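# Examination of the molecular architecture
Listed below are the residues making up each chain.
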Amino acid sequence: MREINVDTIKENIARMCIEANHYLDEDLKECMASHLAAEPSEVARNILESIGKNIEIAEEGIFPLCQDTGMACVFMEIGQDVHITGGSLEDAINEGVRQGYTEGYLRKSIVRDPLDRVNTGDNTPAYIHYDIVPGDQVKITVAPKGFGSENMSRIKMFPPSAGEEGVKDFVVETAKLAGANPCPPIVLGVGIGGTFDKAALMAKKALLKPLDKPNESPYYDEMEQELLERINSLGIGPQGFGGRTTALAVNIITAPTHIAGLPVAVNVNCHVSRHKTVVL
Amino acid sequence: MAITIKEPFTKDKFKDLRAGESVLLTGTIYTARDAAHKRITEMIARGEKPPFEIKDSIIYYVGPTPAKPGRPIGSAGPTTSYRMDAYAPELLDLGQLGMIGKGQRSDEVMAAVVRNGAVYFAAIGGAAALMAGCVKEAEVIAFDDLGAEAVRKLYVEDFPVTVVLDPAGGNLYKEGQEAYLASVSE
């Protein structure tokens, strides 16, 4: 059985917390450039250009992309033939987050209790999700999630009769209700099916999907394109000042569900759609 | 072209600003977000003096990242403003002149802006590295225990903002989106 020491995991998480907060992936930058080229409003183009400048400044490594350096969402895909050695995996993940956020001068945004609201001072604990998968590798994704956009996310348990139209209207309505609040242009992760909690998890995982590849299902790929077009006809525009570019992309993940249900979750992200992945 | 406004900030300098105008602010502004607003309004209710003079102040809704050595501040973009809606009308009635944030405000805040001749500005959300360069000095003046949420006194130069709510009742989020939709339906 292959062994991986927790120190390796900790070091990679610390590094990815810092990198994700300074460098956006090429697919997002290319997506932004194509929307800029198609944007008819001058006000909107100016904002998209300022966002482009912000990305360049962050790449110098001194200032993070956004002051909300997020709640550290860590997705672990652990091969079933891997043995984690050297201590507690959960402690190692949190220690990686602590080091990354402290040494990287990132903001500490986590409170220890939702109601007493005392800051933990080191951005821990992380939100951690584990999947056990075949193989002998460990895939780690760190996705710092800002809450200006997180707060605009929604979930609804539809009856099956709501069908495709009910689902699509709910996604568009979510973007409309969010308006200027989540720092548009936004990226939407949509989870359809599963259970109440599974739908929300799929919506969050949908935000990790590459923006330059079509959905694996032609049916849902078409739905993503239609939703993007409908959202970009709302007129909200970058920062809500008016324009075409309200959303950069819509990504959908689905799962089997119960005969009585049709759960739909929409996780809203801003244009700083950050995530870094390593395979060990 | 952007309008340049330098301190002292006064109602007279703000009264003709209109929704959609770009403004460059130079002068002293104060940071406060959720937790600091709660404490400031509690201090006022107890009859205590708040950490800075509310009258003619500009409050920036921001929780910056920690400053790296040799820098006054880290990244410093706006946080979502509606969370301060519960506190803003009271502060505006005490003479607060400006708010800088992002996103929609309540009807109560819109009414308080008009009633007091105040202005709500938006800074570009998520362009925090770009705006950090406009902050020349930063000093924590209250609630150090709140970390990123502490009240800071900032000196900013040519800090870029856009007028969203103006003293005449204009609202950029409404007007800007309507103007765009009208322009593409022509």
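Residues numbered from 1 in each chain as written. Chains lettered and ligands numbered in written order. Predicted model: local features only at pLDDT ≥ 70, side-chain atom pairs only at ≥ 80, totals over all residues. Heavy atoms only, no water.

## Here's the deal with the overall build of chain A
Looking only at helices and strands, chain A has eight helices and 10 strands in total. For chain A, the C-alpha radius of gyration of 19 Å lies close to 19 Å, the compact-globule estimate for 280 residues. Taken along its principal axes, the extent of the C-alpha atoms in chain A is 55 × 50 × 40 Å. Counting every position in chain A, which comprises 280 residues, the buried fraction comes to 55%. (Helix = DSSP H or I, 4+ residues; strand = E, 2+ residues; numbered from the N terminus. Rg over C-alpha atoms; globule rule 2.2 N^0.38 Å. Buried < 20%, exposed > 50% of the residue type's maximum accessible area, 1.4 Å probe, protein only.)

## Focus on the sheet that holds strand S4 (residues 127-133) of chain A
Residue and element names in this part refer to chain A. With respect to topology, four strands assemble into an open sheet ordered S4-S2-S5-S10, the strand pairing being mixed. For this open sheet the edge positions go to S4 and strand S10 (276-279), each flanked by a neighbour on one side alone. Direction aside, the axes of adjacent strands within the sheet are offset by 15° on average. By the bridge criterion, seven bridges tie strand S2 (residues 71-79) to S4 in an arrangement that is parallel. Its bridge partner lying in S4, Met 76 is registered against Tyr 130. (Pairing = 2+ DSSP bridges. Axes fitted to C-alpha atoms, helices over the stretch in contact; angles between N-to-C directions.)

## What to know about a nonpolar patch on the surface
A contiguous nonpolar patch, built from A:Ile155, A:Met157 and A:Phe196 and spanning about 290 Å² of accessible area, is present on the exposed surface. Relative to the helices and strands, A:Met157 resides in strand S6 (residues 154-158). (Patch = residues over 30% accessible without salt bridge, like charges linked within 9 Å, V, L, I, M, F, W, Y side chains within 5 Å. Areas by Shrake-Rupley, 256 points an atom, 1.4 Å probe, with all protein chains shown as cover. Salt bridge = Lys/Arg side-chain N within 4 Å of Asp/Glu carboxyl O.)

## Description of the pattern of salt bridges
Opposite charge on two side chains makes pairing possible when the charged atoms of those side chains draw close. A full pass over the atoms with the stated rule returns 32 salt bridges over all chains. Here A:Lys168 ties to A:Glu164 by a salt bridge, and the two come within 2.7 Å at their closest N and O atoms. In this pair, A:Lys168 and A:Glu164 both sit in helix H6 (residues 163-178), four residues apart, roughly one turn of the helix. The buried category is assigned to A:Lys168, whose relative accessible area is 2%. The closest approach of N and O atoms between B:Glu178 and B:Lys174, which form a salt bridge, is 3.4 Å. Residue B:Glu178 and its partner B:Lys174 are located together in helix H6 (residues 172-185), separated by four residues, close to a single helical turn.

## Focus on the environment of B:Ala150
Residues and elements named next belong to chain B. Following the sequence through the fold, Ala 150 ends up in the loop between strand S6 (135-142) and strand S7 (151-165). In this structure Ala 150 comes out as buried when scored by relative accessible area, which is 0%. Between the C-alpha atoms of Ala 150 and Met 99, which are 51 residues apart in sequence, the distance is 17 Å. Those residues in contact with Ala 150 that lie beyond four places of it in its chain are Thr 31, Val 140, Ala 142, Phe 143 and Asp 144. (Contact = heavy atoms within 4.5 Å.)

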